[in-house]
Amino acid sequence: MVGISLKMPEALAAEVAAVAHRKGVSKSALIREAIEMFLSGDETSRPRSALELVADLVGSCEGPADLSTNKKYMEGFGQ
């Protein structure tokens, strides 16, 4: 293998270290895996957001347009 030097922000380095520890792999192995996934363009191997998972359903239901901003819809919620 060829060695490479990489500089990254401390917060990202800490996140890489935490994920590598949680997965039980080295930081180098984790970064190699992430680069391989990125370069392969394999979208199925990365976690997707909730919005990405239901994107085809957005706008398919009828309902009030101001549901997320109108406080009257929350009256009595959780009581």
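First, a word on what this report is: a plain description of the structure on this page. The structure displayed is predicted, hence computed values, not measured ones.

Thresholds applied
- Residues numbered from 1 in each chain as written.
- Predicted model: local features only at pLDDT ≥ 70, side-chain atom pairs only at ≥ 80, totals over all residues.
- Heavy atoms only, no water.
- Salt bridge = Lys/Arg side-chain N within 4 Å of Asp/Glu carboxyl O.
- Helix = DSSP H or I, 4+ residues; strand = E, 2+ residues; numbered from the N terminus.
- Buried < 20%, exposed > 50% of the residue type's maximum accessible area, 1.4 Å probe, protein only.
- Patch = residues over 30% accessible without salt bridge, like charges linked within 9 Å, V, L, I, M, F, W, Y side chains within 5 Å.
- Areas by Shrake-Rupley, 256 points an atom, 1.4 Å probe, with all protein chains shown as cover.

**Re the pattern of salt bridges**
Side chains bearing opposite charge may pair, as long as their charged atoms lie close to each other. This structure, assessed with the given rule, holds one salt bridge. With a shortest N-O distance of 3.3 Å, Glu33 and Lys23 are connected by a salt bridge. With Glu33 in helix α2 (residues 27-40) and Lys23 in helix α1 (residues 10-23), this pair connects stretches of sequence that are 10 residues apart. Its relative accessible area of 34% is what places Glu33 among the partly exposed residues.

**A closer look at a nonpolar patch on the surface**
There is a patch of nonpolar side chains on the surface, built from Leu51, Leu53, Val54, Leu57 and Val58 and spanning about 480 Å² of accessible area. Assignment of secondary structure puts Leu53 in helix α3 (residues 50-53).

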